[in-house]
Amino acid sequence: MPEVRTRFAPSPTGHLHVGGARTALFNYLFARHHGGSFVLRIEDTDRERSSDESVQAIMSGLDWLGVVADEGPYYQSKRAELYDKAVAELLGGGHAYWCVCSQEKLAATREAAQASGKKAMYDRSCRGAGHEPALDGPAVLRLASPESGETTIDDLVRGPVTFDNSELDDLVLLRSDGSPTFHLVVVVDDLDMGITHVLRGEDHLTNTPRQAQIFRSLGQEPPRYGHLPLIVGADRSRLSKRHGATSLDAYREMGILPGAMANYLARLGWSHGDQEIFSRAELSGLFDVEGVGKAAAAFDLEKLRWVNQQHIKATPPAELAAAVLPFLGAGEADDSSRLELVVELLAERAVTLVGLAEGAHCFLSDDLSWDRKAVARFLDEEGLARLAALAQQLELLADWDESNVEAAFAAALVDLDVKLGKLAQPARVALTGSKASPGIYEVCVVLGRERTLARLQRVAGELASGDLPLAAPAG
RNA sequence: GGCCCCUUCGUCUAGUGGUCCAGGACGUCGGCCUCUCACGCCGAAAACACGGGUUCGAGUCCCGUAGGGGUCACCA
């Protein structure tokens with residue numbers, strides 16, 4: 001049994017799309033599961049559209065997702081000799097020929113065919129004509145593919161899929177400028193790199209028999225293919241911008257943990273019984289083509305958010321603190337042990353890192369604004385009077401810990417003769433600026449004695465003078 | 001339009017002929033918990049596209065129909 005070798009071969013013409021990211025992930029996981037290798041290859045044969053920025057964007061996206069290549073990246077633009085060799089072999093074996101038909105003529109033929117409702121295929125008029133680019137001017141090289149019979153792909157996820165060879169025309173291998181096309185390079189590279197399994201989007205399914213023919217013309221057998229169901233939007237058409245964010249970066253920016261993204265993407269088209277939450281190690285261990293489904297899957301942001309929440313809860317505070325760092329304001333991350341405390345307190349109720357950072361703000365900075373409506377509702381005269389009573393009790397505390405803070409609240413409640421809610425809400429609004437937060441005792445403890453007392457004082461003072469910064473709550 | 005693929009709750013899916021009057025999860029709705037918001041817990045509504053076969057028995061196998069998607073470049 002030869003080593004399993006998979007690859008991800010993006011064309012660098014933009015950002016890393018969630019569909020591409022999932023394809024990469026599946027190939028990576030498949031290789032991991034089988035103890036094989038995962039190769040990264042940049043398909044930059046379209047020199048017009050390829051860019052270095054895109055290569056960087058794709059690599060950083062994969063890096064973030066945790067999809068690491070065992071080999072590569074290889075660049076097709078740097079492997080020309082290999083393609084030349086294959087062309088010579090194809091030409092020598094009579095499996096390819098030069099075609100001098102102009103693009104205009106081809107386009108016209110195509111349109112005519114389409115208009116009359118017939119199939120738009122190249123008519124093979126140059127086949128057997130013996131054209132030579134040196135003699136006859138600009139020419140493309142075409143594969144002389146079989147005109148009859150059929151080609152069957154034994155797909156890893158769909159089983160055997162058969163195409164009639166008469167449906168497949170002679171595809172272009174070399175452009176008239178001499179550069180190789182996708183179909184040629186993909187075959188030559190998969191061969192050269194010893195790729196054994198190709199997992200790719202279902203949109204490639206109809207390319208597969210043609211590529212298989214190139215392999216056979218080269219005297220080789222194609223690798224095993226598995227065509228993955230497409231990721232679609234809510235309207236079930238291929239995922240695109242109008243369905244929401246399609247770039248992996250967008251999810252990073254909205255505070256999705258990479259492990260959660262990988263988990264969610266894996267579950268889009270793959271499953272393992274009823275399990276929803278997977279660690280990286282579990283994915284690597286459990287992923288296989290048997291669990292891959294056939295039907296297109298709709299991308300559901302709400303579920304991604306839930307998965308993210310589960311991962312946030314399961315992430316150790318130190319790690320979570322590091323992950324939230326990019327979302328914090330200047331100066332908010334200066335005290336890392338304090339940050340860990342805050343993060344631990346908020347992890348239970350955070351859905352995204354962005355939300356976590358927002359919740360952490362009132363603990364890490366004094367530059368905050370108070371929710372206008374909450375202030376109006378809870379910090380009226382009565383509320384402020386209760387807070388004064390609370391402050392009195394808190395001042396007396398020798399040790400600032402949760403049970404003492406709770407006792408101080410209890411003492412104030414007795415003085416005031418009210419229920420906890422009547423005191424906790426004003427305190428919450430005063431201390432955090434919002435009417436939603438962790439338990440009020442924990443808030444006091446994590447805020448610390450100095451800050452708690454100072455903030456109570458500040459709110460009372462600035463509210464009276466009208467200096468308290470007010471704003472509608474974010475989000 | 002030709003070819004190819006697909007079809008279980010709104011969504012992601014379990015299900016490989018009988019244990020399925022179809023299970024889990026997100027979401028939704030109701031309730032409990034409660035200092036707020038979450039978390040958690042309990043409960044509810046919600047699906048085998050349709051029609052024929054095969055079989056003692058079909059969500060599971062076969063054939064059709066319908067619907068959806070993909071693809072038909074000197075893009076990948």
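Just so it is clear, the model here is predicted, and its values are computed rather than measured. Starting from 1, residues in each chain are numbered consecutively following that chain's sequence as written. Each chain gets a letter, beginning with A, and each ligand a number, beginning with 1, in the order they are written. The predicted origin of the model limits local features to residues at a pLDDT of at least 70 and limits the giving and counting of side-chain atom pairs to 80 or more, whereas totals for whole chains, interfaces and linings rest on all residues. Each side-chain value is worked out from all heavy atoms of the structure, with water and hydrogens disregarded.

Peer 1: In this structure, what is going on with the sheet that holds strand β3 (residues 71-75)? I would like to understand it.
Peer 2: Strand-to-strand pairing in sheets goes through backbone hydrogen bonds, with the strands running parallel or antiparallel. If you trace the three strands from one edge of the open sheet to the other, you get β1-β2-β3, paired in parallel fashion. Of all strands in the sheet, those with a lone pairing partner are β1 (5-8) and β3, marking the two edges. Strand after strand, the sheet turns through a mean of 25° between neighbouring axes, direction not considered. Pairing between strands is defined by DSSP: at least two bridges between them are needed. The secondary structure listing takes helices from DSSP runs of H or I that are at least 4 residues long and strands from runs of E that are at least 2 residues long, numbered from the N terminus. Alignment of β1 against strand β2 (residues 37-42), held across four bridges, turns out to be parallel. Counted as the bridge partner of Arg 7 is Val 39 from β2. Of the strands in this sheet, β1, β2 and β3 are in contact with helix α2 (residues 52-65), which crosses β2 at around 160°. Inter-axis angles, ranging from 0 to 180 degrees, are taken between N-to-C directions of lines fitted to C-alpha atoms, where helices are fitted over the stretch in contact. We call two residues in contact when some of their heavy atoms are within 4.5 Å.

Peer 1: What's the story with the protein's contact with RNA strand B in this structure? I'm lost.
Peer 2: One heavy atom within 4 Å of a molecule or strand makes the whole residue count as near it. Residues in contact with RNA strand B amount to 63 residues; listed here are only the nearest, Arg 158, Arg 175, Arg 238, Glu 348 and Arg 428. By atom count, sugar and phosphate contribute 70% of the portion of RNA strand B lying within 4 Å of the protein. Within the side chain of Glu 167, an N or O atom sits 3.5 Å from a sugar or linking oxygen of RNA strand B. Any pair of nitrogen or oxygen atoms within 3.5 Å is treated as a polar contact; in protein, a donor-acceptor pairing is required on top of that, and neighbouring residues in sequence qualify only through side-chain atoms on both sides. Contact distances for RNA strand B include 3.3 Å between a base oxygen and a backbone N or O atom of Gly 439. Elements that contribute at least two residues to the surface near RNA strand B include exactly α4 (103-115), β5 (140-143), β7 (159-164), α6 (182-192), β12 (297-298), α11 (301-314), α18 (420-432) and α19 (440-447). In the scheme used here, Gly and all other residues not listed as nonpolar or charged are polar, with Ala, Val, Leu, Ile, Met, Phe, Trp, Tyr, Cys and Pro taken as nonpolar and Asp, Glu, Lys and Arg as charged. In the surface near RNA strand B, the residues fall into 21 nonpolar, 18 polar and 24 charged.

Peer 1: I keep staring at helix α16 (residues 381-395) and nothing clicks. Help me out?
Peer 2: Residues spaced three or four apart along an α-helix face the same direction, because each turn holds 3.6 residues. For a helix, the expected span equals 1.5 Å multiplied by the number of residues minus one. Given a rise of 1.5 Å per residue, 15 residues ought to cover 21 Å, and the 21 Å separating the end C-alpha atoms of α16 matches this to within 8%. Exposure categories follow from relative accessible area, calculated using a 1.4 Å probe and restricted to protein chains: below 20% of the type maximum is buried, above 50% is exposed, and the middle band is partly exposed. When α16 is considered as a whole, its buried residues turn out to be Gly 383, Arg 386, Leu 387, Ala 389, Leu 390, Ala 391, Gln 393 and Leu 394. In this structure, the buried side of α16 is in contact with α15 (372-378), α17 (402-416), α18 and α20 (449-465).

Peer 1: What should I look at first to understand the sheet that holds strand β8 (residues 172-174) in this one?
Peer 2: Sheet architecture is open: three strands sit in the order β4-β5-β8, paired in antiparallel fashion. Sheet topology places β4 (96-99) and β8 at the edges, where each strand pairs with a single neighbour. On average, each strand axis in the sheet is inclined to that of its neighbour by 45°, with strand direction left out of account. As paired elements, β4 and β5 share four bridges and run antiparallel to each other. The residue of β5 that forms the bridge with Cys 99 is Val 140.

So yeah, pure geometry; function would need other evidence.
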